[in-house]
Amino acid sequence: MARSCGGGRAAPARGATPEYIALHAALEVRLDEHGFDGSWWDVTCASLDADSNDGRLTVEFSTLKAAEDADAPNLRERVPAANCRPVPPPPPPDFHAAL
């Protein structure tokens with residue numbers, strides 16, 4: 001059974017993958033490691049492990065590299081699905097003019 005999470009959307013049932021998490025979906029992920037505490041990063045969902053029931057997925061970071069070398073591939077990491085959220089919608093076309 002889905003729970004209300006505000007904003008008129010229902011939170012997924014415990015253990016269910018939220019509908020916004022899909023292969024190649026643009027997401028934001030919260031990191032809780034030392035030095036990154038509570039920071040949100042742009043990622044792409046790189047893989048969904050259907051056989052895994054640990055509530056984690058593999059994401060590829062848009063701006064973090066796997067090594068300090070500029071030619072290094074983007075960092076890939078397994079993260080809890082609970083630490084992921086959809087990217088915010090773009091601002092309306094007249095947003096900046098209204099500032």
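For the structure itself, consult the block above.
Below is a summary of the structure that appears in this document. Just so it is clear, the model here is predicted, and its values are computed rather than measured.

Cut-offs used in this document
- The numbers attached to residues start from 1 for each chain and follow its sequence in the written order.
- Only residues with pLDDT of at least 70 get local features here, since the model is predicted, and only at 80 or more are side-chain atom pairs given and counted; chain-wide, interface and lining totals rely on the full set of residues.
- The side-chain quantities take in all heavy atoms of the structure and omit both hydrogens and water.
- Under the scheme used here, helices are H or I runs from DSSP no shorter than 4 residues and strands are E runs no shorter than 2 residues, and both carry numbers assigned from the N terminus.
- Residues count as neighbours in contact if any of their non-hydrogen atoms are within 4.5 Å of one another.
- Aromatic contacts are taken between Phe, Tyr and Trp rings whose centres are within 6.5 Å, Trp giving its six-membered ring; a plane angle under 30 degrees counts as stacked, one over 60 as edge-to-face, and the others as tilted.
- Each residue is placed in one exposure class: buried if its accessible area under a 1.4 Å probe, protein chains only, is under 20% of its type's maximum, exposed if it is over 50%, and partly exposed if it falls in between.
- Working rule: Lys NZ or Arg CZ, within 6 Å of ring centre, within 35 degrees of ring normal, means a charge sits over the ring.

Focus on the overall build of the protein chain
From N to C terminus, the protein chain includes 0 helices and 7 strands. For the protein chain, the proportion of contacts with a sequence separation of at least 24, taken over those separated by at least 6, is 33%.

Quick look at the packing of aromatic side chains
If you walk through the whole model with that rule in mind, you get 1 aromatic pair. For the pair Phe36 and Trp41, a centre-to-centre distance of 5.8 Å together with 65 degrees between the ring planes defines the contact as edge-to-face. The class of Phe36 is partly exposed, set by a relative accessible area of 32%. The ring of Trp40 has Arg85 lying over it, and the distance from NZ or CZ to the ring centre is 3.7 Å.

Digging into unusual backbone geometry
If a residue is not glycine, its phi is most likely negative; likewise, a peptide bond is most likely trans. At His24, a position not held by glycine, the phi torsion is positive, near 70 degrees. Structurally, His24 can be placed in the loop between β2 (10-11) and β3 (26-31).

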